[in-house]
Amino acid sequence: MGSSSQQVDARRKPSGYVVSHSDYGQLDYRPQTNSRLTFTNVETVDIYFVDLNLEDYAKCYDYVIITGAASTKICQHQNASSFLQTWRSFNASSGFSVSIQFYSDNTGEYKGFLFQYKG
Ligand SMILES: [Ca+2]
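For clarity, every value in this text was computed on a predicted model and none was experimentally measured. (Residues numbered from 1 in each chain as written. Predicted model: local features only at pLDDT ≥ 70, side-chain atom pairs only at ≥ 80, totals over all residues.)

### Observations regarding the overall build of the protein chain
Move 1: Looking only at helices and strands, one finds 0 helices and 9 strands in the protein chain.
Move 2: Reading the secondary structure of the protein chain in the N-to-C direction produces β-β-β-β-β-β-β-β-β.
Move 3: Against the globule reference of 14 Å for 119 residues, the protein chain gives a C-alpha radius of gyration of 13 Å, in line with a compact fold.
Move 4: Counting only C-alpha atoms and orienting by the principal axes, one finds that the protein chain spans roughly 35 × 25 × 20 Å.
Move 5: Relative to its full complement of 119 residues, the protein chain shows a buried share of 27%. (Helix = DSSP H or I, 4+ residues; strand = E, 2+ residues; numbered from the N terminus. Rg over C-alpha atoms; globule rule 2.2 N^0.38 Å. Buried ≥ 20, exposed ≤ 12 C-beta atoms within 10 Å, placed from the backbone.)

What follows is the structure, encoded as structure tokens:
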């Protein structure tokens, strides 16, 4: 179980890598995760998922939502493959931010994700 909220100022840190949880690669993510990372001071954020491995079920119990000018929900069973290993651009909100929220339910944990970003 984990709940966290973090901000990255994209002017100060215009590129980098983000993982779904702190021990990504060693342990699966936790149940009942609700974490949010917000990029600030951006007009667009380009995101490249190196790895994206969430619970694969039609009902989309675990998911990622990327919210800027629009909101994009990523579900393993539905559209995850279209975000994997390709650069995707997300326009910021009017407040110049893009947030990535990761949510997991209380059962069925998987490896998680790793993405590269450019702000
Ligand atoms: Ca789950």
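### Focus: the environment of Gly119
Move 1: Along the chain, Gly119 turns up in the segment after strand E9 (112–118).
Move 2: Separated by 91 residues in the primary sequence, Gly119 and Asp28 place their C-alpha atoms 28 Å from one another.

### With respect to the sheet that holds E9
Move 1: Judged by pairing direction, the sheet is antiparallel, and its 4 strands sit side by side in the order E2-E9-E4-E7 without closing on themselves. This sheet does not close on itself; its edge strands, each paired only once, are strand E2 (15–19) and strand E7 (87–91). Going from strand to strand, the sheet's axes swing by 30° on average, the running direction of each strand aside.
Move 2: Of the pairings in the sheet, the one linking E2 to E9 comprises 5 bridges and is antiparallel in character. (Pairing = 2+ DSSP bridges. Axes fitted to C-alpha atoms, helices over the stretch in contact; angles between N-to-C directions.)

### Here we look at the environment of Tyr117
Move 1: Looking at the element boundaries, Tyr117 is found in strand E9.
Move 2: Along the primary structure Tyr117 and Gln26 are separated by 91 residues, whereas in three dimensions their C-alpha atoms are 22 Å apart.
Move 3: Not counting residues up to four positions away in its chain, the partners in contact with Tyr117 are Ser15, Gly16, Val18, Val45, Asp46 and Ile47. (Contact = placed C-beta atoms within 7 Å.)

### Re the UniProt feature "domain: CUB" (unreviewed entry) in the protein chain
Move 1: As annotated by UniProt and renumbered to match this structure, "domain: CUB" (unreviewed entry) occupies residues 22–117.
Move 2: Helix makes up 0% of residues 22–117 and strand 47%, with an end-to-end C-alpha separation of 17 Å. (UniProt positions renumbered as here; feature names shortened; annotations may be inferred.)

### Some words on unusual backbone geometry
Move 1: Positive phi is not limited to glycine here, since Gln32 has a value of about 55°.
Move 2: Counting through the fold element by element, Gln32 comes out in the loop between E2 and strand E3 (33–40).
Move 3: Its 13 C-beta neighbours within 10 Å are what place Gln32 among the partly exposed residues.

### Details of the nonpolar core
Move 1: Of all hydrophobic cores here, the largest spans 20 residues; its most connected members are Phe39, Val42, Val45, Ile47 and Val98.
Move 2: Contributions of two or more residues to this core are made by strand E4 (44–53), strand E5 (63–67), strand E8 (97–103) and E9.
Move 3: With 4 residues, the top contributor of residues to this core is E4. (Core = buried A, V, L, I, M, F, W, Y, C linked by C-beta atoms within 7 Å.)

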